[in-house]
Amino acid sequence: MSPLLNAARGNHPCHCLACGSAGMSRRQFLCTATAAAAMAPAVALSLSSPAAAQQSAGAAGRPLLLKGGCVLSLDRAVGDFEQADVLVEGNRITAVRPNIDAAGAETIDATNTVVMPGFVDTHRHMWQGILRNVLPDGSLEDYRNLVQRTFGARYTPDDVYAGDLFSALGAIDSGVTCVLDWSHIHNTPDHTDAAIKALVDSGVRAVFAYGNPQNENGRFWEMSGHKFPHDIARLRRQYFSTDDQLTTLYMAAPSAAAEHILEAFKAAREAEARITIHVGVGEFGRNALLEKLNAQGALKSDTTYIHCCTLNDTEWKLIRDTGGTISIAGYVEMLMGHGTPPVQKAIDTGIRPSLSVDVETSVPNDFFHQMRPVLALQKSDVWARRLSGDKSPPKFLTAREVLEFATIEGARANGLERKVGSLTPGKQADIIMLRTDRLNVMPMNNAVGAVVTSMGPQNVDTVLIAGKVMKRNGQLVGVDFARLKRLGDEARERLFSNAKVPPSRV
Ligand SMILES: [Zn+2]
């Protein structure tokens with residue numbers, strides 16, 4: 001049992017609406033098995049998790065054999081297989097090859113599927129999971145005003161829990177097995193505890209990136225009641241005393257004056273947490289921030305830079321030379337005014353980007369929709385240069401490279417490349433099976449082409465995280481949808497009322 005679970009179970013008040021009179025755990029929103037055991041002692045309820053309720057490689061001590069799939073390992077040393085098996089023992093992948101003989105293993109038929117590592121998202125504001133689609137036409141300014149300064153300022157810990165839970169379960173459902181929660185909603189420490197609890201309850205592999213609070217004017221440093229950024233020391237002690245667990249710790253450094261950023265960087269490094277920060281966003285991002293931070297010796301290989309659309313050339317070289325990683329949220333950058341997604345710039349600089357959803361307020365939650373804009377944009381740029389007479393245009397990006405951005409490069413930016421991002425024996429078993437016998441891809445001719453060009457969440461048949469089956473036969477395992485829907489509806493109603501936003505849905 002992880003210290004994170006111990007702490008979450010032992011020390012935290014439940015924020016869910018259903019708890020009051022019944023004394024029930026939030027867990028019950030997820031897990032039918034738990035719901036059925038509602039009369040059991042509270043401690044037993046709080047020990048349940050969707051992961052525990054699922055069939056898994058480890059539960060009965062039996063290995064799990066994914067048999068006969070088309071395997072894309074995304075590890076060039078392991079390679080791809082027209083047909084092969086993947087053996088999972090406990091929480092790890094132990095073999096990837098054809099015709100594995102594993103006596104006693106539980107077998108999952110993987111024929112008619114592509115078997116590959118789960119997608120890895122390096123930047124998603126998961127507290128906004130109950131605000132999906134509120135801004136289909138919004139700009140960055142609209143987003144700041146409505147999502148951060150109107151809704152965010154009024155968020156309760158219960159709202160954070162619901163938002164994170166919906167976002168995490170949506171990620172798993174669409175084949176994203178690892179996600180960095182860029183969590184800038186820590187108006188009080190209770191908000192922080194609620195976010196972490198939701199991530200743990202969901203069973204997703206999460207990087208919790210602890211960020212600033214929200215208020216009506218955006219000047220969070222004027223607020224009282226929050227403990228940003230220094231509460232990260234408590235988080236390290238209380239939840240993240242080991243990295244040998246599904247949830248790990250980052251600092252989400254604020255978009256603010258350099259003094260506030262440097263304070264967050266310092267607190268992060270004292271807590272031995274890696275760092276993620278938005279830079280190069282719109283006009284505001286042309287302020288040579290990275291040059292200023294570099295002058296203070298603050299840029300190191302422990303940092304992921306998000307967006308990077310309007311950075312100058314010196315800043316790009318600083319990221320490369322200090323060993324930083326980057327995250328491109330191509331779809332939202334094109335929608336909301338960040339600047340052109342810097343796909344070619346990253347490649348020219350020698351940096352392989354990771355990808356991210358960013359905000360579900362304007363962006364679909366799956367990774368199929370992240371890969372395509374990045375591929376199309378880079379190729380559009382190259383075609384335009386060729387058409388304008390450029391005799392030495394860049395090479396075209398390939399579908400496989402984009403698939404690497406969505407998996408192994410994401411793992412690198414999330415500090416987890418030794419654990420996930422490819423089907424490599426010894427790594428954790430974060431695996432997805434994508435159906436190829438569906439009308440959007442059949443008959444299947446090219447596995448990478450099918451995944452990057454044509455598939456969607458409807459192809460996600462099976463999802464494993466650390467060897468546990470989170471989704472099977474197209475259905476999330478252990479989730480009580482009626483209860484979940486009620487949690488979401490109640491959170492939405494409460495939040496819109498508190499924020500004085502008309503609740504109309506049309
Ligand atoms: Zn963002």
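Keep in mind that what you see is a predicted model, and the values were worked out from it rather than measured.

A. Expanded view of the pattern of salt bridges. By the definition in use, this model includes 29 salt bridges. A salt bridge links D80 to R400, with the shortest nitrogen-to-oxygen separation between them at 2.5 Å. With D80 in strand β2 (residues 80–89) and R400 in helix α16 (residues 399–405), this residue pair connects regions lying 320 residues apart in the sequence. Residue R400 is classed as partly exposed on the basis of its relative accessible area, which comes to 31%. Connected through salt bridges with shared partners, the residues R435, D437, R438, D461 and R472 form a single ionic network.

B. Structural context of the layout of surface pockets. Looking at the largest pocket, its volume works out to about 760 Å³. Together, 40 residues line the largest pocket, and R144, Q148, S255, A256 and F284 are the ones closest to its centre. Counting only elements with at least two residues in the lining of the largest pocket, the list comes to α6 (140–154), α10 (258–270), β10 (274–279), α11 (289–295) and α13 (330–336). Ranked by residue count, the leading element in the lining of the largest pocket is α6, at five residues. A class-by-class count of the residues in the lining of the largest pocket yields 19 nonpolar, 15 polar and six charged.

C. The arrangement of the sheet that holds strand β12 (residues 325–328) in detail. The eight strands lie next to each other as β6-β7-β8-β9-β10-β11-β12-β13, forming an open sheet whose pairing is parallel. Looking along the sheet, the strands with just one partner apiece sit at the ends: β6 (119–124) and β13 (354–355). Relative to strand β11 (residues 303–307), β10 runs parallel, the two sharing five bridges. Counterpart to I275 in the pairing with β11 is T303.

D. Inspection of the packing of helix α7 (residues 157–173) against helix α19 (residues 481–498) at higher detail. With their axes 10 Å apart at the nearest point, α7 and α19 run at an angle of 135° to one another. Taken together, α7 and α19 sit at an angle that is classed as oblique. Crossing angle aside, the handedness with which α7 passes α19 is left-handed. For the pair formed by α7 and α19, the contact residues are D158, D159, Y161, A162, L165, F166 and L169 on the first element and L484, L487, G488, A491, R494 and L495 on the second. Here the residues of the contact of α7 with α19 sort into nine nonpolar, one polar and three charged.

So, how was this worked out
Residues numbered from 1 in each chain as written. Predicted model: local features only at pLDDT ≥ 70, side-chain atom pairs only at ≥ 80, totals over all residues. Heavy atoms only, no water. Salt bridge = Lys/Arg side-chain N within 4 Å of Asp/Glu carboxyl O. Helix = DSSP H or I, 4+ residues; strand = E, 2+ residues; numbered from the N terminus. Buried < 20%, exposed > 50% of the residue type's maximum accessible area, 1.4 Å probe, protein only. 1 Å grid on protein atoms, 1.4 Å probe; cavity = no way out; pocket = protein on both sides within 12 Å on 5 of 7 lines; lining within 4 Å. Points joined across faces, edges and corners; volume = space filled by probe spheres on them. Nonpolar A, V, L, I, M, F, W, Y, C, P; charged D, E, K, R; others polar. Pairing = 2+ DSSP bridges. Axes fitted to C-alpha atoms, helices over the stretch in contact; angles between N-to-C directions. Parallel < 35°, antiparallel > 145°, perpendicular 65-115°, else oblique. Left-handed = near helix turned anticlockwise from the far one by under 90°. Contact = heavy atoms within 4.5 Å.

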